[in-house]
Amino acid sequence: MAIYKAPLEDMRFVLNDVFKADEQWATMPATAEVTRDLSDAILEEAGKMTEGLLFPLNREGDEQGCQWNDGDVTTPEGFKAAFKTFAENGWTAFSGNPEFGGQGMPKSLAVLFEEMMHSANSSFALYPALTSGACLAIDAHASEALKAQYLPKLYSGEWSGTMCLTEPHSGTDLGIGRTKAEPNDDGSFNITGTKIFITGGEHDLTSNHIHLVLAKLPDAPAGSKGISLFLVPKFLPDADNNPGERNGATCGSIEHKMGIKGSATCVMNFDSAKGWIIGEPNQGLACMFTMMNAARLGVGIQGLGLMEASFQNSLSYARDRLQMRGLSGVQAPDKVADPIIVHPDVRRMLLTQKAFAEGGRMLVLYTAQMLDIVEHGAPGAEKERAETLLGLLTPIVKAFLTEVGFECTNEGVQIFGGHGFIKEWGMEQLVRDARITRLYEGTTGIQALDLLGRKVLMSQGESLKVFTKEIHKFCKAEADNSALKEFIEPLAKLNAEWGELTMGIGMKAMQDREEVGAASVDYLMYSGYVTVAYLFARAAKQAAASQDGDDAAFYKTKLNTARFYYQRLLPRTKAHAAMIQAGAGSLMAISSEDFGLGFEI
Ligand SMILES: Cc1cc2nc3c(=O)[nH]c(=O)nc-3n(C[C@H](O)[C@H](O)[C@H](O)COP(=O)(O)OP(=O)(O)OC[C@H]3O[C@@H](n4cnc5c(N)ncnc54)[C@H](O)[C@@H]3O)c2cc1C
């Protein structure tokens, strides 16, 4: 039987001890009322809700999946009732704008609650996740009238939101989308086109679905500069703002897919559907980026939640499963064999999961703190700095955490042996659910291009310097701390190497632009490893200073986990550095003839 328990102790350690979140909240009027006591109580409640309400539906949700019937979609048994309770208890409004009925909770608290949801039931978590992303875009870019009409209904959980970008021929390349928007005399637009793979495009959890759709106006310039964003409801709101006339937005079918089966993935047909523009004409992609950036962080959190779930189950199984004796002798003489947790290789896999989950949690929280400063901080240098770091870290959160998240769920199956491959224990579901995270919201390859090309090289390395300077300052301040020597020395070296590798790619790219694409994924992974190393050094500092007292065992384990990360995972940077330096030559050398193409690549 699968298990899940919200990792509250580690969450509190990261939130309160490492990042001192309450001190940051106190500096900003919008979050000043969030105290440590309040955040602790909220985490406790979120833990109970995810363990008791969402987790019990996870397995059934996977087995039943969603059903399509003549345009209607039924979610797995129990989802509808659970969503009602979820919404009634205010979770759909958690970080929404208080002006329109949201609770205004900081992102640095919301991300921990989101992690719990993805650990407990990733398919379920996607419905509110897409809705809260849609709310962010509406709140940031829509007219006051649209905000007042739609946000309260979305925050209350009566209605839900979607993100409609992808078309059959247009996935990564949104500029070639064909969906059209024709203006009407009353200021609205008629939207026509087909969107595919739309998460939560149709379902039975809410009475109305609010689609945020990318489409092109008749006179739009070609490519991504000609995209506008529209709000298209399933039912047009009536005079009392209740679902009224049926709009021309219908679900043609749902996908049968590898994982997240409780999440409806829909083909959406827009047939002269009435919609309203969000933001300025042809500025749709920029507006949609508000939602996409939130979703990128959200998908990184999905990777994190799934690896935490896999770790918890693996640990529990490894304590119980008896196979063979320990290499150094019998460890459990009263048993027929020793529990597999005594074997170094099983520990290697378990600690890989544990270190990535704890490191990933810090990465997510650190990034969320930047988001809080960007959203609620006073204008000035600190806000600008937070904006730069947020831009730099978002693709790392998204791609690094989903790559290692998939690795960790796979290791979960390995720890269970053959029992991981069969359905009974739920370990193979975690692998299938995690697989999508490397793909949607921009694949790993696209995140890597965003990081290296857009964020780092286009700023002439300045955005990276903002971060490497922070790491340098930390290393300098801790240089004489003997308890941290094992962390600070390698971190300082890698931090310097990060800048050198970046310069090297920049130089090569001046001769050949393919060098950027050739280095990008290794560069992103390298960046992820170093970033998490910095955060583990900060956690180790906290843990090293707290070795006595009631929680001594927790801090000792934390130090050991940091040590494992530095000794057994961080060396992967060497391979990534070597691959970055290998350049584009061997990738691009194979001739077009060998690939059977009609043109040179
Ligand atoms: C379950 C599921 C749910 C989804 N939910 C939504 C949703 O709610 N809303 C929505 O709009 N979409 C959604 N999507 C779509 C998803 O975001 C896309 O599938 C994804 O962005 C990739 O697009 P694609 O599948 O068309 O692949 P393609 O764009 O065809 O890419 C194929 C491969 O080529 C690579 N590639 C493409 N261009 C480049 C380049 N310039 N440089 C390097 N490599 C490149 C990609 O990395 C990838 O490996 C969902 C998809 C799935 C499967």
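Remember, it's a predicted structure, so these values are computed and weren't measured experimentally.

A. Looking closely at the overall build of the chain. Within the chain, the regular secondary structure consists of 19 helices and eleven strands. With the C-alpha coordinates aligned to their principal axes, the bounding extent of the chain is approximately 80 × 60 × 55 Å. Sequence-distant contacts, at least 24 apart, represent 73% of the contacts inside the chain between residues at least 6 apart. With an accessible surface of roughly 25200 Å², the chain has 54% of that area assigned to carbon and sulfur atoms. Charged side chains in the chain number 55 positive and 75 negative. The centres of these two groups are separated by 5 Å.

B. Layout of the environment of Ala21. Mapping Ala21 onto the fold places it in helix 2 (residues 21–26). For Ala21, a relative accessible area of 1% corresponds to the buried category. Along the primary structure Ala21 and Ala46 are separated by 25 residues, whereas in three dimensions their C-alpha atoms are 18 Å apart. When residues no more than four places from it in sequence are discounted, the contact partners of Ala21 are Leu15 and Gln369.

C. View of the nonpolar core. Judged by nonpolar contacts, the single largest core of 134 residues is most densely connected at Phe400, Leu491 and Tyr565. It is helix 16 (residues 514–544) that provides the largest number of residues to this core, a total of 17 residues. If sequence neighbours within four positions are ignored, Leu491 has contacts with Ile471, Phe474, Cys475, Val530, Ala533, Tyr534, Ala537 and Tyr566.

D. Expanded view of the packing of helix 16 against helix 18 (residues 572–582). Contact geometry of helix 16 with helix 18 gives a least axis separation of 9 Å together with a crossing angle of 155 degrees. One finds that helix 16 runs roughly antiparallel with respect to helix 18. Seen from above, helix 16 lies across helix 18 with left-handed handedness. Contacts between helix 16 and helix 18 involve Ala519, Asp522, Tyr523, Met525, Tyr526, Tyr529 and Val530 from the former and Arg572, Thr573, His576, Ala577, Met579 and Ile580 from the latter. Here the residues of the contact of helix 16 with helix 18 are counted per class, giving nine nonpolar, two polar and two charged.

E. Structural detail: the state of the cysteines. Taken as a whole and judged by the stated rule, the model has zero disulfides. Cys66 takes part in no disulfide bond, and the closest cysteine sulfur to it belongs to Cys266, at a distance of 7.7 Å.

F. Inspection of the environment of Glu514 at higher detail. With respect to the helices and strands, Glu514 occurs in helix 16. Judged by relative accessible area, Glu514 falls into the partly exposed class, the value being 42%. Those residues within four positions of Glu514 in sequence are excluded, and the remaining contacts are Ala584 and Met588.

G. Molecular detail of helix 5 (residues 79–88). The set of residues buried in helix 5 consists of Phe79, Ala82, Phe83, Phe86 and Ala87. Along the long axis of helix 5, the arc covered by the buried residues comes to 130 degrees, so they all point the same way. Facing away from the buried side of helix 5, by more than 90 degrees, are the exposed residues Ala81, Lys84 and Glu88. Where the residues of helix 5 are buried, they touch helix 3 (36–54), helix 4 (58–64) and helix 6 (107–141).

H. Highlighting the site of the ligand. In the vicinity of the ligand, 19 residues are found, and the nearest of them are Met163, Thr166, Thr172, Phe197 and Thr443. The contact in question runs from an oxygen atom of the ligand to an N or O atom on the backbone of Leu165, over 2.8 Å. A distance of 2.6 Å is found between an oxygen atom of the ligand and a side-chain nitrogen or oxygen belonging to Thr443. For the shell around the ligand, the secondary structure elements donating two or more residues are strand 3 (159–164), strand 5 (189–199) and helix 13 (444–456).

I. Quick peek at the pattern of salt bridges. Under the counting rule described, the total for this entry stands at 36 salt bridges. Where salt bridges share partners, they join Asp10, Glu115, Glu308, Lys354, Glu358, Arg361 and Lys558 into one cluster.

J. Expanded view of the pairing of strand 11 (residues 265–278). One ladder, built from eight bridges, connects strand 5 with strand 11; its direction is antiparallel. Across the sheet, residue Gly193 finds its bridge partner in strand 11, namely Phe270. Alignment of strand 7 (residues 228–233) against strand 11, held across three bridges, turns out to be antiparallel. Paired with Phe230 across the strands is Ile277, a residue of strand 11. Two strands pair when backbone bridges link them, and strand 10 (residues 249–254) and strand 11 are joined in this way by five bridges, in the antiparallel orientation. Bridge pairing in strand 11 links Ile254 to Cys266.

K. Fine view of the packing of aromatic side chains. According to the stated counting rule, one finds 30 aromatic pairs in the structure shown. Considering the side-chain rings of Phe13 and Phe554, the 5.3 Å spacing of their centres and the 70 degrees angle between planes classify their relative orientation as edge-to-face. With a gap of 541 residues between them, Phe13 in helix 1 (residues 8–18) and Phe554 in helix 17 (residues 552–569) connect regions that are remote in the sequence. The structure contains a cluster of three or more aromatic residues connected by ring pairs, namely Phe79, Phe83, Phe86, Trp91, Phe94, Phe113 and Phe124.

L. Focus on the side chain of Ser520. Within the fold, Ser520 resides in helix 16. On the accessibility criterion, Ser520 (3% relative accessible area) is buried. With sequence-adjacent residues up to four places away left out, Ser520 is seen in contact with Ala448, Leu449 and Leu452.

M. Local environment of the pairing of strand 9 (residues 243–246). Two elements, strand 8 (residues 235–237) and strand 9, share two bridges in a ladder whose sense is antiparallel. Residue pairing across strands places Phe235 opposite Arg246, the latter belonging to strand 9. Taken together, strand 8 and the strand that follows it, strand 9, pair antiparallel across an intervening segment of five residues, in which Asn241 is found at a positive phi of about 60 degrees.

N. Local environment of a nonpolar patch on the surface. Among the surface-exposed residues, Ile590, Phe595 and Leu597 lie close enough to one another that they form a single nonpolar patch of about 270 Å² accessible area. Assignment of secondary structure puts Leu597 in the segment after helix 19 (585–588).

O. View of helix 7 (residues 144–155). The end-to-end C-alpha distance of helix 7 is 16 Å, a good match for the 16 Å that twelve residues give at a rise of 1.5 Å each. Among the structural elements, helix 6, strand 3, strand 6 (208–215), strand 7, strand 8 and strand 11 are those in contact with the buried residues of helix 7. Downstream of helix 7 by one or two residues, Gly157 has phi in the positive range, about 85 degrees.

P. Examining the packing of helix 14 (residues 462–477) against helix 15 (residues 485–511) more closely. At a minimum axis separation of 10 Å, helix 14 and helix 15 run at an interaxial angle of 160 degrees. In terms of their interaxial angle, helix 14 and helix 15 are classed as roughly antiparallel. As helix 14 packs across helix 15, the resulting crossing turns out to be left-handed. Contact residues: helix 14 offers Leu464, Phe467, Thr468, Ile471, His472, Phe474 and Cys475, while helix 15 offers Ile488, Leu491, Ala492, Asn495, Trp498 and Thr502. Along the lines of polarity and charge, the residues of the contact of helix 14 with helix 15 split into nine nonpolar, four polar and no charged.

About the thresholds
Residues numbered from 1 in each chain as written. Predicted model: local features only at pLDDT ≥ 70, side-chain atom pairs only at ≥ 80, totals over all residues. Heavy atoms only, no water. Helix = DSSP H or I, 4+ residues; strand = E, 2+ residues; numbered from the N terminus. Contact = heavy atoms within 4.5 Å. Areas by Shrake-Rupley, 256 points an atom, 1.4 Å probe, with all protein chains shown as cover. Lys, Arg positive; Asp, Glu negative; His and termini not counted. Charge placed at Lys NZ, Arg CZ, Asp CG, Glu CD. Buried < 20%, exposed > 50% of the residue type's maximum accessible area, 1.4 Å probe, protein only. Core = buried A, V, L, I, M, F, W, Y, C linked by side-chain atoms within 4.5 Å. Axes fitted to C-alpha atoms, helices over the stretch in contact; angles between N-to-C directions. Parallel < 35°, antiparallel > 145°, perpendicular 65-115°, else oblique. Left-handed = near helix turned anticlockwise from the far one by under 90°. Nonpolar A, V, L, I, M, F, W, Y, C, P; charged D, E, K, R; others polar. Disulfide = S-S within 2.5 Å. Arc of directions from axis to C-beta. Near = heavy atom within 4 Å. Polar contact = N/O pair within 3.5 Å; in protein donor to acceptor, adjacent residues only side chain to side chain. Salt bridge = Lys/Arg side-chain N within 4 Å of Asp/Glu carboxyl O. Pairing = 2+ DSSP bridges. Phe/Tyr/Trp six-rings, centres within 6.5 Å; stacked < 30°, edge-to-face > 60°. Patch = residues over 30% accessible without salt bridge, like charges linked within 9 Å, V, L, I, M, F, W, Y side chains within 5 Å. Expected span 1.5 Å × (residues − 1).

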